[in-house]
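# Inside the fold
What follows is the residue order along each chain.
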Amino acid sequence: MKVAILGSGAWGTALAVSFASRHQVSLWARDASLVETMRGSRHNQRYLPDIELPSGLHLSSNLDETLAGAELVIVAVPVAALRDTLQQIAKRAVPVPVIWLCKGFESGTSQLPHQIVADTLPASFPRGVLSGPSFAQEVARNLPTALTLASGDGEFAQRTAKALHHSRLRIYSSTDVVGVEIGGAIKNVLAIAAGICDGMRMGLNARAALLTRGLAEMTRLGLQMGGRAETLGGLSGVGDLILTCTGDLSRNRQVGMLLAQHKSLPNILDELGHVAEGVYTAREVHRIARQHGVEMPICEAVYRVLYENLAADQAVEMLLSRQPGSEFMG
C-alpha cells in the first residue's frame, strides 16, 4: 500500500519508520531544508536523532508529489495545523482515505479533530483517527505498541487497522471516534497534573489517586459529548492516560514537573522545544467543561496554574481540601 505521512515530527517520523518495511511510504515536511538534511543524514536530528531512517523511506517537501497515487494519507501534524493541512489535501487530492493522529481541541473553536475534518474534507474522503498509548521513540525502535483506529465507518476501521497492523504495532478497530479523541485530549492535561504531583514528590499513592480521579473526569466529559465508557476504559483512554502520566518520555508530564519547580510557562515551553498539547488543551477543556456543566476539578486546577498564575503547591492544596463525596457519584 502506498502511504503518505504528512508531518515529520516525532510521531509522523516514527510511524514512517514502522510502516516503511511493509508499505511504500512517503514522509512530507513543509520545510525543504529539513527534508534535505534528513536525506543527507538519514536521521531526523530534531525529533528522533537516534533513529536511522530506512533507505526505502521517501522524503519530500512537495505535497503534490507526496499525495500522488497515495492509497492512504496519515496526517501527523498538531491540532493547530490540522485544518490548513486538510484544506490542502482537499484541493490537491482525489478522494483518498485520511487518518489523523493529533490529540486535543482546536483553539478558538474548541472543536475535536473529527469536527475539523468534517468542516474541511468532502464526505467522499474516508476518514478515521489513530490513537493510543504510544511514545514515538519506542514505536520507531520497533518495541511492542497497541493502538486504536476509530472511524464512523466500522468496515473502513477494520480494513485499515488490518492493513497497518503488524506484530510490533497492534492496531484494534473501533467506531467510537468521540471517545477515542476525548481520551487522547484529556490525558495530556492530566499528565501535567501528574507531573506536578511527581515534581512535588507527593508519592506513588497520590499519583494513583490522581490518575483514577482524572479518569473519572475524562469519562464524565466523554460520555457527555457522546463517547462510550468502554472506549475511555480502553487503550485510547485509560491506556494512554497511564502511559502519559507515568512515562519519563511524556512532554506534558515534563511540563508539570517544571511547573512544580516554579518555572514560568514560556521558559518551560522554550526549554522543551516540542509541542506539549496539554498546555493548549487545558484552556479548551476549561471552556468545554463549563459549557457542558461537567465538574473537572483536576483539569480546572491545571488550567488555573497555566493561565491564572496559581502556584502549583496552591493548586494541590486546593484539590486536597475538597470535600470528599461518593466515589461513583462524581
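All values derive from a computational prediction rather than experimental measurement. (Residues numbered from 1 in each chain as written. Predicted model: local features only at pLDDT ≥ 70, side-chain atom pairs only at ≥ 80, totals over all residues. Heavy atoms only, no water.)

## Focus: the sheet that holds strand β8 (residues 127-131)
- If you trace the eight strands from one edge of the open sheet to the other, you get β5-β2-β1-β6-β7-β8-β9-β10, paired in mixed fashion. Because the sheet does not close on itself, it has two edges, and the strands there are β5 (58-60) and β10 (169-174). Between one strand and the next, the sheet's axes are offset by a mean angle of 25°, whatever the strand orientation.
- As judged from the three bridges shared by β8 and strand β9 (residues 145-150), these two strands associate in the antiparallel manner. Bridged to Val 129 within β9 is Ala 150.
- Packing of helix α8 (residues 177-199) onto the sheet brings it into contact with β7 (98-100), β8 and β9, and relative to β8 it is tilted by some 35°.
- Against the sheet, helix α11 (residues 235-246) contacts β8, β9 and β10, and its axis sits at roughly 145° relative to β9. (Pairing = 2+ DSSP bridges. Helix = DSSP H or I, 4+ residues; strand = E, 2+ residues; numbered from the N terminus. Axes fitted to C-alpha atoms, helices over the stretch in contact; angles between N-to-C directions. Contact = heavy atoms within 4.5 Å.)

## As for helix α16 (residues 312-320)
- Taken together, the buried positions of α16 are occupied by Ala 312, Ala 315 and Val 316. Buried residues in α16, looked at end-on, bunch into an arc of 100°, giving them a common side.
- Along its buried surface, α16 packs onto α8, α12 (251-260) and α15 (297-307). (Buried < 20%, exposed > 50% of the residue type's maximum accessible area, 1.4 Å probe, protein only. Arc of directions from axis to C-beta.)

## Topic: the pairing of strand β2 (residues 24-28)
- Where burial is concerned, most of β2 is hidden: four out of the five residues are buried.
- By the bridge criterion, five bridges tie strand β1 (residues 2-6) to β2 in an arrangement that is parallel. For Lys 2, the partnering residue across the bridge sits in β2 and is Gln 24.
- With helix α1 (residues 10-19) bridging β1 and the parallel β2, this β-α-β connection has right-handed handedness. (Right-handed = clockwise from strand over helix to strand, strands pointing away.)

## Some details on the environment of His 114
- If you trace the backbone, His 114 turns up in helix α5 (residues 113-120).
- Residue His 114 is classed as partly exposed on the basis of its relative accessible area, which comes to 23%.
- Those residues within four positions of His 114 in sequence are excluded, and the remaining contacts are Trp 100, Val 177, Val 178 and Glu 181.
- Looking at His 114, its side chain comes within polar contact range of the side chain of Glu 181, at 2.6 Å. (Polar contact = N/O pair within 3.5 Å; in protein donor to acceptor, adjacent residues only side chain to side chain.)

## Focus: the UniProt feature "binding site: substrate" (unreviewed entry) in the protein
- UniProt records the feature "binding site: substrate" (unreviewed entry) for Lys 103, Arg 251 and Asn 252 in the present numbering. A stretch of 150 residues holds the annotated residues, and the largest C-alpha distance among them is 13.4 Å, short enough that they meet in one place.
- By the secondary structure assignment, Arg 251 is in helix α12.
- Since its relative accessible area comes to 33%, Arg 251 is described here as partly exposed.
- Within the secondary structure, Asn 252 is located in helix α12.
- Excluding residues that lie within four positions of it along the chain, Asn 252 makes contacts with Asn 188, Ala 191, Ile 192, Ala 276, Glu 277, Gly 278 and Val 279. (UniProt positions renumbered as here; feature names shortened; annotations may be inferred.)

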